[in-house]
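Single-letter residue listing:
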Amino acid sequence: MSRISLQMYTMREFTKTKEDLKNTVEKLSKIGFKNLQYSVPDFISAREVKEIFDDYGIKNDSIFCPALKIEEKINDIFEQSEIFGTKYLRVDSIPRDIVSPAGFKMYAHYLNELGELLAPMEIKILYHFHSFEFITFEKETGMDIFLKETNPETVYIQPDTYWLIAGGNNPPDYLLKHKDRIHYVHVKDYAIGIREQLLESTPSRFAAVGTGNLDWKKIIEACESFHNEMYVIEQDNCYGKDPFECVATSFKNLNKFGIY
């Protein structure tokens, strides 16, 4: 079974209609994808998405719902879990206006409550962080608080290699430290951009796996040591390059690193 997936946010400009989605899934299947990470939009039903994915032998690796809407969408969540055959539910980031020690603790406890609500269907919550969660409050970061306060049995994290380094972490070390909370990892490279006017300015760019500055040998070794289930390619911005070519590069380079 393939352990490579693609976060479909990368393809957001190519999935605005049902026909667009079908054409995009066809192109991705030709690259070699057997898994995608797709959030069902309003213009199409989950069953219609499943039919399209089935036509190309593709599985949706997880489902999505904003954390604040889980209670009202609980039946839809259970239905999508059954339709796609997945037990992973992705949620959005902590609201910007409560980013504080108390806010992280409150949000963590809220996710714990949602985890109990989802427990009858054995659905696990996946929290995907960015770099702002690593803001330091005296001696601990927002993520430190989040991980300490959330229930490890129901709330997992979906680390992103780019945001880890952007947040001041060494990706392999962080992945190993929190291996018990990780089943999926978002993989994108961190590339140094062209120098701007100020000498001190060091812009960074999202990049295809294996084309930036991250040590992929160590990242893959860390992930394989705890049998990471899914390597989810994501490239938020392709800077004018063809997104299909970018994700194909990531896919091929993961293959070179021994991930299929």
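All of these numbers come straight from a predicted model, not from anything done at the bench.

Reading guide: rules and limits
- Residues numbered from 1 in each chain as written.
- Predicted model: local features only at pLDDT ≥ 70, side-chain atom pairs only at ≥ 80, totals over all residues.
- Heavy atoms only, no water.
- Salt bridge = Lys/Arg side-chain N within 4 Å of Asp/Glu carboxyl O.
- Helix = DSSP H or I, 4+ residues; strand = E, 2+ residues; numbered from the N terminus.
- Buried < 20%, exposed > 50% of the residue type's maximum accessible area, 1.4 Å probe, protein only.
- Contact = heavy atoms within 4.5 Å.
- Phe/Tyr/Trp six-rings, centres within 6.5 Å; stacked < 30°, edge-to-face > 60°.
- Pairing = 2+ DSSP bridges.

1. Observations concerning the pattern of salt bridges
The tally for this structure, following the rule as stated, stands at 11 salt bridges. Close ionic contact of Glu224 with Arg3 constitutes a salt bridge, the shortest N to O distance being 2.9 Å. Here the residue Glu224 occupies a position in helix H8 (residues 216–225), and Arg3 occupies one in the segment before strand E1 (4–6), the gap between them amounting to 221 residues. In this structure Glu224 comes out as partly exposed when scored by relative accessible area, which is 30%. Note that Lys217 is salt-bridged to Glu221, the shortest N-O span being 2.7 Å. Separated by 4 residues within a single helix, Lys217 and Glu221 lie in helix H8, roughly one turn from each other. The exposure class assigned to Lys217 is exposed, which follows from its relative accessible area of 54%.

2. Topic: the environment of Leu176
With respect to the helices and strands, the residue Leu176 is situated in helix H7 (residues 171–177). As for Leu176 and Ala222, which are separated by 46 residues in sequence, their C-alpha atoms are 6.0 Å apart. When sequence neighbours within four positions are dropped, the list of residues in contact with Leu176 reads Ala222 and Ser225.

3. Side note on the packing of aromatic side chains
Summed over the entire model, instances satisfying the criterion amount to 14 aromatic pairs. Between the aromatic rings of Phe129 and Phe134, the centroid separation amounts to 5.3 Å while the plane-to-plane angle is 90°, which identifies the pairing as edge-to-face. Both residues of the pair, Phe129 and Phe134, belong to the buried class. Between Tyr162 and Trp163, the aromatic rings sit 4.9 Å apart at their centres with planes inclined by 85°, giving edge-to-face as the arrangement. Each of the two residues, Tyr162 as well as Trp163, counts as buried.

4. Notes on the pairing of strand E10 (residues 184–187)
Of the two faces of E10, the one holding Tyr184 and His186 and the one holding Val185 and Val187 are both buried throughout. The pairing of E10 with strand E13 (residues 230–233) spans 4 bridges and is parallel. From the neighbouring strand, His186 faces E13, where its bridge partner is Val232.

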